[in-house]
Amino acid sequence: QVQLVESGGGLVQAGGSLRLSCAVSGSIVSINAMGWYRQAPGKQRELVASITSGGSADYADSVKGRFTISRDNAKNTVYLQMNSLKPEDTAVYYCNAYLINKWFSPANTYWGQGTQITVSS
């Protein structure tokens, strides 16, 4: 009933930029925090950036100054602008949303299907 659909992944050269989008659809009462995670081969999934419903953002140290997370609450969409990309940014990127999809129910976390980002050197 709740879907998170990511777009914007692909192949880019080191130093380049990409912008990811993640649209949340379905039965939604409210969306609290939204975020982007990534998982490289052989590594655990890690938080890249998160943003609250009020727009307060937090970043992993490895991406500070290069990545910017933003959201459009009217469109239930979160974005990740990635600049100065490095080969070590190569991973599958997942968006997530901590949201309430039914009145008087607790919030739960939902995940997108993931999108591959490959940064060539």
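Residues numbered from 1 in each chain as written. Predicted model: local features only at pLDDT ≥ 70, side-chain atom pairs only at ≥ 80, totals over all residues. Heavy atoms only, no water.

### Focus on the pattern of salt bridges
Part 1 of the reasoning: Tallied over the entire structure, the rule returns four salt bridges.
Part 2 of the reasoning: Notably, a salt bridge pairs Arg 38 with Asp 89, separated by 2.9 Å at the nearest N-O pair. Of the two residues, Arg 38 is situated in strand E4 (residues 30-39) and Asp 89 in the loop between strand E8 (77-82) and strand E9 (91-100); the sequence distance between them amounts to 51 residues. For the pair shown, Arg 38 and Asp 89 are each scored as buried.
Part 3 of the reasoning: Between Asp 89 and Arg 66 there is a salt bridge; the shortest N-O distance is 2.7 Å. With a gap of 23 residues between them, Asp 89 in the loop between E8 and E9 and Arg 66 in the loop between strand E6 (57-59) and strand E7 (67-72) connect regions that are remote in the sequence. Neither residue differs from the other here; Asp 89 and Arg 66 are each classed as buried.
Part 4 of the reasoning: Overlapping salt bridges, with partners in common, bring together Arg 38, Glu 46, Arg 66 and Asp 89 in one network. (Salt bridge = Lys/Arg side-chain N within 4 Å of Asp/Glu carboxyl O. Helix = DSSP H or I, 4+ residues; strand = E, 2+ residues; numbered from the N terminus. Buried < 20%, exposed > 50% of the residue type's maximum accessible area, 1.4 Å probe, protein only.)

### What to know about the sheet that holds E7
Part 1 of the reasoning: Within the open sheet, the four strands sit side by side as E1-E3-E8-E7. Their pairing is antiparallel. Every interior strand has two partners, whereas the edge strands, strand E1 (2-7) and E7, have only one. Along the sheet, successive strands turn relative to each other by an average axial angle of 15 degrees, direction set aside.
Part 2 of the reasoning: With six bridges connecting them, strand E3 (residues 18-26) and E8 associate as antiparallel partners. Counterpart to Ala 23 in the pairing with E8 is Thr 77. (Pairing = 2+ DSSP bridges. Axes fitted to C-alpha atoms, helices over the stretch in contact; angles between N-to-C directions.)

### Some words on the environment of Ser 120
Part 1 of the reasoning: Within the fold, Ser 120 resides in strand E11 (residues 115-120).
Part 2 of the reasoning: Ser 120 sits in the partly exposed class, given a relative accessible area of 26%.
Part 3 of the reasoning: With 62 residues separating them along the chain, Ser 120 and Asp 58 place their C-alpha atoms 26 Å apart.
Part 4 of the reasoning: Beyond its immediate sequence surroundings of up to four residues, Ser 120 is in contact with Leu 11, Val 12, Gln 13 and Ala 14. (Contact = heavy atoms within 4.5 Å.)

### Quick word on the nonpolar core
Part 1 of the reasoning: With 29 residues, the main nonpolar core has Trp 36, Leu 80, Met 82 and Tyr 93 as its most contacted residues.
Part 2 of the reasoning: Going through the elements one at a time, E1, E3, E4, strand E5 (46-51), E7, E8, E9 and E11 are the ones with two or more residues in this core.
Part 3 of the reasoning: The biggest single contributor to this core is E9, with five residues.
Part 4 of the reasoning: Leu 80 has contacts with Leu 18, Arg 19, Leu 20, Trp 36, Val 48, Ala 49, Phe 67, Thr 68, Ile 69 and Tyr 93, leaving out every residue within four places of it along the chain. (Core = buried A, V, L, I, M, F, W, Y, C linked by side-chain atoms within 4.5 Å.)

### Notes on the state of the cysteines
Part 1 of the reasoning: Per the stated rule, a full pass over the model turns up one disulfide.
Part 2 of the reasoning: Cys 22 shares a disulfide with Cys 95; S-S distance 1.9 Å. Of this pair, Cys 22 sits in strand E3 while Cys 95 sits in strand E9, and the two are 73 residues apart along the sequence. (Disulfide = S-S within 2.5 Å.)

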